[in-house]
Amino acid sequence: MKKIKVGLIGLGTVGGGVVEILANHTEDFKARAGVDVTLARFADRNEERFAQLGLDPDKCTTDAFEVVADPDLDIIIELVGGTGIALEICRAALEAGKHLVTANKAIMATAGHELLKLAEERGVNVRFEASVGGGIPIIGPLKRSLVANEISQVMGIVNGTTNYILTAMAHDGLSYDEALSQAQELGYAEADPSADVDGGDAAAKIAILASIAFNTTLTMDQVFTAGIRTIDAADIAYADEYGYAIKLLAIATRTPEGIDMRVHPTMIPKIHPLAHVNGVDNAIYVIGDAVGETMFFGPGAGAGAAASAVVADVIEVARDIITHNVTKQCSCVDDLAVRDIEKLKTRYYVRMIVEDKPGVLATTASAFADHDVSIESLIQHMCEEEGFAETAYVTHAASESDIQAALEEIRALDIVCEVASLIRVEDL
């Protein structure tokens, strides 16, 4: 049995998980997968990690490119993160004729097409299952198991941090700040949570999924992105009253005008399976013309989940090496446009603080009507401050451009103190 030698660059939590899995299951992989995989070289800037993980010092270095240049290695695992030196490592590995496994969503959502093209030129494979959904298998199924389908939509909860925060707000009655603080204490959120709560992490992931699902090249800067910072306990309560849950959804839909690709807080019916995905779990919903509706569910974060996906990719690449199989790296043969968010047509939830006096509802309703936005339902509650009321509207389907124009007019009204929330509603 040919021994497949692997270089591991980046020994953080996920890298440590990879070391542990391979240490515990190498013999299992020989028996079950027919491959003999060994971690032969390691690189990390923190030399203390080598001792902490019990690694042979002779196999360790702080120079990642020393590992990449090792002629005995077959596969490079990149777990550095970011798009700086990590991208240089990935390029160098492919240029050296090494197969590449990465968990780097930022790279795959910005330079993925470049790397896949380079891999094809060098006759090697790139695997990146861990870049989306943690331990959930979704990249492989989209590329292989669902290849018989024309995919019409991919959407889901792909960020565990925001899902934990929204779950804590809905189930435990916490404010946004309280839920974020709790997530940080538990290690689910970074000290600077911007990438998660502002939607950037989810935007990178939906760009990757959409590129594969729709066979086109898409990047994260093409994704309309809005985060959850503005979600208030009042919005959670109104959503519940209307029969909805609020989730940060990443959505990519094939339309006649191009790909509709967006990330934003979304009200979805409580009866839909995605409404019941709570805590740090992720779920990805895929609709194909032949298979119909499918959902992939599981842990979206954590060292074990991500390391599981990384090692699975290594095993697959090892099999390819043994069978001399180089799979087609990029199926992005279609050149599809991305539809402008202003062309979106959906229902909307709008919460505003208004003066509590006659004619207010008629005035705001008239402003909506002036821009072809029809009100489906309205809930009004009195504010604690005397003389003011809180109104929560749900509209009929309207275009994004019309709802934004209506809200611009409404914000200018003297009777309106604040347009506090705008949340898109998806009747899945």
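Below is a summary of the structure that appears in this document. What you see is a predicted model, and the numbers here were worked out from it, not measured in a lab.

The next thing to look at is the overall build of the protein chain. Along its length, the protein chain carries 15 helices and 17 strands. Relative to the compact-globule value of 22 Å for 428 residues, the protein chain shows a C-alpha radius of gyration of 24 Å, a close match. Its C-alpha atoms give the protein chain principal-axis dimensions of roughly 80 × 45 × 35 Å. Evaluated residue by residue, the protein chain yields a buried proportion of 54% over its 428 residues. For the protein chain, long-range pairs separated by at least 24 residues make up 73% of all intrachain contacts whose partners lie at least 6 apart in sequence.

Turning our attention to the layout of surface pockets. Over the atoms, a rolling probe the size of a water molecule traces out where space has been left empty. Estimated volume of the largest pocket: approximately 1,100 Å³. For the largest pocket, the lining is made up of 40 residues, of which Val14, Lys105, Glu190, Asp201 and Ala301 are closest to its centre. At 3 residues, helix α1 (residues 13-33) tops the list of elements feeding residues into the lining of the largest pocket. Among the residues forming the lining of the largest pocket, the class breakdown is 16 nonpolar, 17 polar and 7 charged. Empty space within the second largest pocket amounts to approximately 590 Å³. Forming the walls of the second largest pocket are 32 residues, and the residues nearest its centre are Ile139, Gly140, Leu142, Lys143 and Arg144. Among the elements of the structure, β6 (126-127), α7 (139-145), α11 (200-213) and α13 (303-323) are those that each provide at least two residues to the lining of the second largest pocket. Element by element, the count of residues in the lining of the second largest pocket is highest for α7, at 6 residues. Its residues placed into classes, the lining of the second largest pocket shows 14 nonpolar, 8 polar and 10 charged.

Quick look at helix α15 (residues 400-411) now. Under the 1.5 Å per step criterion, the end-to-end length of α15 is 16 Å for 12 residues, consistent within 8% with the ideal 16 Å. Within α15 the residues assigned to the buried category are Glu400, Ile403, Ala406, Leu407 and Ile410. With its buried residues spanning 130° around the axis, α15 presents them on a single face. Summarising the contacts, the buried residues of α15 are in contact with β13 (345-355), α14 (360-370), β15 (388-395), β16 (398-399) and β17 (416-425).

With that settled, consider the packing of aromatic side chains. This model, assessed by the stated rule, comprises 2 aromatic pairs. Ring geometry for Tyr164 and Tyr188: centres 5.0 Å apart, planes at 55°, overall tilted. Residue Tyr164 is found in helix α8 (residues 160-172), and its partner Tyr188 is found in the loop between α9 (176-185) and α10 (194-197); the two are separated by 24 residues along the sequence.

Thresholds, definitions, all that
Counting of residues starts from 1 at the beginning of each chain's written sequence and follows it residue by residue. With pLDDT at 70 or above as the cut-off, local features in this predicted model cover only qualifying residues; side-chain atom pairs require 80 or more to be listed or tallied, and sums for whole chains, interfaces and linings still use all residues. Side-chain numbers come from the whole structure's heavy atoms, not from hydrogens or water. Under the scheme used here, helices are H or I runs from DSSP no shorter than 4 residues and strands are E runs no shorter than 2 residues, and both carry numbers assigned from the N terminus. As a reference, a globule follows 2.2 Å times the number of residues to the power 0.38, and the radius of gyration itself is taken over C-alpha atoms. Relative accessibility thresholds used throughout: buried, under 20% of the residue-type maximum; exposed, over 50%; partly exposed, between the two (1.4 Å probe, protein chains only). The criterion used for residue contact is that any of the two residues' heavy atoms lie within 4.5 Å. Lining residues are defined by having an atom within 4 Å of a point belonging to a cavity or pocket. Those points lie on a 1 Å grid over the protein atoms alone, cavities being sets where a 1.4 Å probe fits but cannot get out and pockets being open sets with protein on both sides within 12 Å along at least five of seven lines. Grid points are joined across faces, edges and corners, and a volume is the space filled by probe spheres set on the points. When residue character is reported, Ala, Val, Leu, Ile, Met, Phe, Trp, Tyr, Cys and Pro are called nonpolar, Asp, Glu, Lys and Arg charged, and the others, Gly included, polar. Helix span, expected: 1.5 Å multiplied by one less than the number of residues in the helix. By arc we mean the arc of the directions from the helix axis to the C-beta atoms, nothing more. Any Phe, Tyr or Trp ring, taking Trp's six-membered ring, that has another such ring centre within 6.5 Å forms a pair; planes under 30 degrees apart are called stacked, those over 60 apart edge-to-face, and the others tilted.

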